[in-house]
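Descriptive structure summary
Chain by chain, the residues run as shown.
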Amino acid sequence: MNKIWLVIKHEYLKHVRKRRFILAILSLPIFIIFMIGIGFISGISQYNSAPVGFIDHSKLLSGATEYNAKPPISFLKPIVFKAFSDENDAKIALNQNEIQAYYVLEEDYFQTQKIQVVANKKPDSDVNKAFLTFLETSVLKDVPAKISSRIIEGASFEFKSTKENKQTNEDNILDFILPFISGFLFIMAVNISGSYLLQAVVEEKENRTMEIMVTSTSPTQLMTGKIIGNLSVGLTQLIVWILFGILGIAILFQLFPDLQKTHIDLSFLILTIAVFLPAFVMISAMMATLGATMTEEREAQQMAGIFSLPMVIPFWFIQVLMEKPNSPLSIFLSIFPFTAPISLPVRATFANIPLWQILLTILILILLTIASLWLAGKSFRLGMLRYGKKLSLKEIFTQRP
Amino acid sequence: MNTIEVRNISKSFGPQKALKDVSFDVKPGEIFGLLGPNGAGKTTSIRIILDIFKPDSGVVNVFGGEINENKKDLIGYLPEERGLYQDIPLEECLNYLASLKGLSVTESKNRINDFLIKFNLEEHKKKKVKELSKGMQQKAQLISTLVHDPQLIIIDEPFTALDPVNTQMVKDILREQRDLGKTIIMSTHQMHQVEELSDRIVLINQGESVLYGNLVEVQKKYAGHAIHIRTESHIPETFSGIKQIKKMENQSRFWIDLEPEVSFQEFLKSLMAANIVFDQFEIATPTLDEIFIQVVSQTGTNYE
């Protein structure tokens, strides 16, 4: 047991201490920060915080002289709406660039529904929206606050299918995005860990250290240590990314208060983890098997793609999974072990999946995981001392070590 | 109790029979020679002893029973396929391997330091293994074989690719270890190296044990009734007592097979009586190479 720990520690530190790993781990957050930064800068540069004037002939704004609009990003300066008594004053202010635009509310607004905007450059649609909110707030000022805010914010539509019996809130963007993000992260993590593992197994052969290793530990201990050690490397990377992600979301929530309505469903998380974990180990063990049969790292890396391919298949059928989550194809994709990790969570978002299907999926995954671990161990023992000669699948099943 | 008991082990790889019914014992505190030509099955025997391969039939006992994980810590193994982790510093590599043999962090650090100094590798310990020369890597590998002070040392072809200085160093280390009471198995096809070191030997050819026992007894058994002599004088073939005389390749050395009824003493006397001046007179002990050739030509072998 102690030796498994030593192998885990060695395999783990070997990767984590490398500069390459630190770069890899930082590349995604840096990329995301870069993208957000660009979006941010373009948002800020387009934002015009100059005041806006208005002339109220309709008396709907009930004599208000000033209104501060809520800025789209919380730290930006709010746009101030200023009352002008007549259009000439407003025009002069506009020409002197004191205001960016002015709105004219005619007496017959209720009949025409027309609001005139005068500006040198067409103002942002957000400014129009803010003026409308200002108008609505004024009109509804006698209505109780609860009701007025409900009217202004509008309704949120909840989708309830009679067939699928599953609710999805259109406002809850995370509901939609989460299965995709988690699926994407899963594929990333599997690929990272898998390729590390593949490397770790082939490396023993390339360095010819296999004999020393198996006369110091048992092949099972060595393999277990390698699998856990290298999976931990992938997990570390994943966790760091997720932490950055949470941090990013927290920042986004601060900056865009509108997003705060979203939430993450706990049962979804549990389901995702229940599928991801065995699938993670299964695919890694298969990669290790592959590594044990190969003799060169380069060759092994090329073969590793075999496992990535079926995992991304669900993304091709994403529309089917979303629109017809209970169609035979969707059910098949969510049960088939290679496509299950991506398909099942997506399906679960859009339909209530019968419990037996979930259990079946997880059961198949666990059984296959055990089988692949066994296979990895066996091919490891058989293939470990074969230098320059590949191990065939037939040999794995028929030969004794 | 014998350190190792190998009983009737056989092993096939597919259609190829690597070992057929091989048996031998290794006694505590001896240097045991596991001999044979290339491809005879020496490495396979070692791998079976170390539980890397399972035998098709037969039993191996190590330290009085089946090998287990704890016993592995008592064994130091220098495989024929030399290998160290190339991509990490030498010191780290050795420490990792030592920790797998059950040494604590401080213990392995101290011992490795001592060995590095002894083997003149101290200044290279921060270098990556792949930056070291072949000879240095060889020495480093020897450190990882010995660092945990094993009771049983198994070394496969220890002299391959070593220069004479390092060959001598390895021999000295082996003697030193034997004097410390360690049991050593040395596998090699370089028979002359074994003659200096081994107490007992087993000779394997084409997967079969063809010769087994105490080296001195084996040599005695295969010693004919012959002498080596070095002389500038001419010895006629008709000289009394000579059955056959052969000039050796180098210098003025002769190999003389005597008539069975003539003793070495009598022959020496008659040489002196005939006033033949000689520099050397020696009872011819067959070298292991000679014994080996004699044995395999009886059992038959295919040289590839």
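What this report covers is the structure whose coordinates are included nearby. Every residue gets a number counted from 1 within its own chain, in the order that chain's sequence is written. Here chains are named by letter from A upward and ligands by number from 1 upward, in the order in which they appear as written. pLDDT decides what is reported in this predicted model: residues at 70 or higher carry local features, side-chain atom pairs at 80 or more are listed and counted, and totals for whole chains, interfaces and linings draw on all residues regardless.

**Concerning the nonpolar core**
Side chains that are nonpolar tend, in soluble globular proteins, to be buried together. Within the largest apolar cluster, 116 residues are counted, with the highest numbers of intra-cluster contacts made by Met287(A), Ala288(A), Leu35(B) and Leu94(B). Sort the elements by how many residues they give to this core and helix H10 (residues 266-293) of chain A lands first, with 14 residues. By the criterion used throughout, residues are in contact when their C-beta atoms, derived from the backbone, lie within 7 Å. In this view, Leu35(B) contacts Thr188(B), Met191(B), Val194(B), Ile201(B), Val202(B), Leu203(B), Ile204(B) and Leu288(B); residues no more than four positions away in its chain are not counted. Counting residues in each nonpolar core, the second largest holds 18 residues, with Leu61(A), Phe84(A), Ala90(A) and Phe131(A) among its members. Each nonpolar core consists of buried Ala, Val, Leu, Ile, Met, Phe, Trp, Tyr and Cys residues. Their C-beta atoms, within 7 Å, join them into a set. Here a residue counts as buried when 20 or more other C-beta atoms fall within 10 Å of its C-beta, as exposed when 12 or fewer do, and as partly exposed in between; the C-beta atoms come from the backbone. Secondary structure elements are defined from DSSP: runs of H or I of at least 4 residues count as helices, runs of E of at least 2 residues count as strands, and each element is numbered from the N terminus.

**A look at the sheet that holds strand S5 (residues 75-78) of chain B**
Residue and element names in this part refer to chain B. Two strands pair if DSSP finds at least two bridges between them. Taken in spatial order, the 6 strands line up as S5-S6-S7-S3-S8-S9 in an open sheet, and their pairing is mixed. Looking along the sheet, the strands with just one partner apiece sit at the ends: S5 and strand S9 (208-214). Between one strand and the next, the sheet's axes are offset by a mean angle of 15°, whatever the strand orientation. Here, axes are lines fitted to C-alpha atoms. For helices the fit covers the stretch in contact, and angles between N-to-C directions go from 0 to 180 degrees. Contacting strand S3 (31-35), strand S6 (152-156) and strand S7 (183-188), helix H6 (residues 164-179) crosses the sheet at an angle of about 150° to S7. Its contacts with the sheet put helix H8 (residues 215-222) on strand S8 (200-205) and S9, and the angle it makes with S9 is roughly 110°.

**Examining the sheet that holds strand S11 (residues 242-247) of chain B**
All names here are of chain B. A sheet is described by the order of its strands in space; here 4 strands give the open sequence S11-S12-S10-S13, paired in antiparallel fashion. Each edge of the open sheet is held by one strand with a lone partner, namely S11 and strand S13 (278-283). On average, each strand axis in the sheet is inclined to that of its neighbour by 20°, with strand direction left out of account. Alignment of S11 against strand S12 (residues 253-258), held across 5 bridges, turns out to be antiparallel. Across the sheet, residue glutamine 244 finds its bridge partner in S12, namely aspartate 257.

**Some thoughts on helix H13 (residues 328-335) of chain A**
Turning to H13(A), its buried residues are Ser330(A), Leu333(A) and Ser334(A). Down the axis of H13(A), the buried set is contained in an arc of 95°. They therefore lie on one face. Working definition: the arc comes from the directions between the helix axis and the C-beta atoms, pointing outward to the latter.

**With respect to the packing of helix H3 (residues 90-100) of chain B against helix H4 (residues 105-118) of chain B**
All names here are of chain B. Where H3 meets H4, the axes come as close as 9 Å, and the angle between the chain directions of the two elements is 125°. When the axes of H3 and H4 are compared, the pair comes out oblique. Handedness of the crossing formed by H3 with H4: right-handed. Residues Glu91, Leu94, Asn95, Ala98 and Ser99 of H3 form the contact with H4, whose participating residues are Ser108, Lys109 and Ile112. Residues are grouped as follows: Ala, Val, Leu, Ile, Met, Phe, Trp, Tyr, Cys and Pro are nonpolar; Asp, Glu, Lys and Arg are charged; every other residue, Gly included, is polar. Tallied by class, the residues present in the contact of H3 with H4 amount to 3 nonpolar, 3 polar and 2 charged. Should an angle fall under 35 degrees it is taken as roughly parallel, and over 145 as roughly antiparallel, whereas 65 to 115 is taken as roughly perpendicular and any remaining angle as oblique. Helix crossings are classified by the rotation of the near helix relative to the far one: an anticlockwise turn of less than a right angle makes the crossing left-handed, while a clockwise turn makes it right-handed.

**Side note on the environment of Ala284(B)**
Looking at the secondary structure, you find Ala284(B) in the loop between S13 and helix H10 (288-299). Beyond its immediate sequence surroundings of up to four residues, Ala284(B) is in contact with Ala223(B), Ala226(B), Ile227(B), His228(B) and Trp255(B).

**Observations regarding unusual backbone geometry**
Residues other than glycine seldom take positive phi values, yet Arg208(A) does so here, at roughly 60°. Mapped onto the elements of the fold, Arg208(A) is located in the loop between helix H7 (173-206) and helix H8 (210-214). Despite not being glycine, Asp51(B) has its phi angle at roughly 65°, a positive value. Secondary-structure assignment places Asp51(B) in the loop between helix H1 (42-49) and strand S4 (57-62).

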